[in-house]
Amino acid sequence: MEPAKLTVVKGDITKIAADAIVNAANSSLMGGGGVDGAIHRKGGPKILDECRDIVARQGGLATGEAVITTAGKLPAKYVIHTVGPVWRGGNDGEPGLLRNCYLNSLDLANKYQVVSVAFPGISTGIYGYPKADAAKVAVETVTEHLHKLTGIREVLFVCFDEESERIYRELIPGR
Ligand code: AR6
């Protein structure tokens, strides 16, 4: 079988019609700024209702973990919510925690028979993770893990700004 495709896209993840888009949430799962704010604003209240049910069942989400909801009014089918690490200089386990975000999100996508999944640059906004370092973790983790998940055929890295796009295109030549 052809290996799954890695694609770099510049734009707004809320407009991407992938089977699943990933949200850079916080442990409350109750929304916030950045991409989280945009997803809840454009997706409508159904996503927050489902997040509230998840929190009622299992409590808040630990850093590196992931949960899934439907996508409300968004063009995607699912939103996978994960909590990235807050950057504290890099010696506080940040790379491993960020790696877990990608691993757990991919595992959940695979479990829900998702064929295409789109990631934002988790932790690289409000949480302050340096963009180039985070992109390296993202691409390495996805590349390593994807061959174990044969259902997923495409992973999109959605870049909100030109700097991120340039970084990802250097890491994934030709995409
Ligand atoms: N589409 C794609 N990427 C986006 C979008 C968008 N619509 N909006 C922002 N980005 P951030 P974090 C990029 O701050 O750093 C929230 O309040 C942005 O340029 O959204 O993980 C949560 O509730 C950056 O590269 O997430 C948490 O409290 C990347 O998405 C906290 O922020 C992530 O930036 C999480 O912080």
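By the naming in an unreviewed UniProt entry, the chain is O-acetyl-ADP-ribose deacetylase, taken from Hufsiella ginkgonis.

Caption draft 1: The arrangement of the packing of aromatic side chains in detail. Tallying each qualifying case throughout the model produces four aromatic pairs. Ring geometry for Y78 against Y112: centres 5.4 Å apart, planes inclined by 70°, an arrangement best described as edge-to-face. Residue Y78 is located in strand β4 (residues 78-83), and its partner Y112 is located in the loop between α3 (94-111) and β5 (116-119); the two are separated by 34 residues in the primary sequence. Exposure remark for Y78: the relative accessible area of 22% places this residue in the partly exposed category. For Y112, a relative accessible area of 35% puts it in the partly exposed group. With a centroid separation of 4.7 Å and 40° between ring planes, the pair formed by Y102 and F119 is classed as tilted. Here F119 lies in strand β5 and Y102 lies in helix α3, a separation of 17 residues in the sequence. Owing to a relative accessible area of 1%, Y102 belongs among the buried residues under this scheme. Owing to a relative accessible area of 1%, F119 belongs among the buried residues under this scheme.

Caption draft 2: Here's a closer look at the side chain of H81. Residue position: H81 is located in strand β4. At 3.2 Å, the side chain of H81 forms a polar contact with the side chain of N23. If sequence neighbours within four positions are ignored, H81 has contacts with N23, A25, L29, H40, I47, C51, L61, E65, A66, V67 and T69.

Caption draft 3: Expanded view of the environment of D49. Position of D49 among the secondary structure elements: in helix α2 (residues 45-58). Classification of D49 by relative accessible area gives partly exposed; the value is 40%. C-alpha of D49 to C-alpha of I122: the two residues are 73 residues apart in sequence and 23 Å apart in space.

Caption draft 4: Just the site of the ligand, in detail. Looking at the ligand, there are 21 residues lining it, with N26, G33, V35, D36 and T124 nearest. The contact in question runs from a nitrogen atom of the ligand to an N or O atom on the backbone of I13, over 2.9 Å. In this structure, an oxygen atom belonging to the ligand sits 2.7 Å away from a side-chain N or O atom of D36. A per-element tally of the shell around the ligand places helix α1 (residues 34-43) first, with four residues. For the shell around the ligand, the residue count by class is eight nonpolar, 10 polar and three charged.

Cut-offs and rules
Residues numbered from 1 in each chain as written. Predicted model: local features only at pLDDT ≥ 70, side-chain atom pairs only at ≥ 80, totals over all residues. Heavy atoms only, no water. Phe/Tyr/Trp six-rings, centres within 6.5 Å; stacked < 30°, edge-to-face > 60°. Helix = DSSP H or I, 4+ residues; strand = E, 2+ residues; numbered from the N terminus. Buried < 20%, exposed > 50% of the residue type's maximum accessible area, 1.4 Å probe, protein only. Polar contact = N/O pair within 3.5 Å; in protein donor to acceptor, adjacent residues only side chain to side chain. Contact = heavy atoms within 4.5 Å. Near = heavy atom within 4 Å. Nonpolar A, V, L, I, M, F, W, Y, C, P; charged D, E, K, R; others polar.

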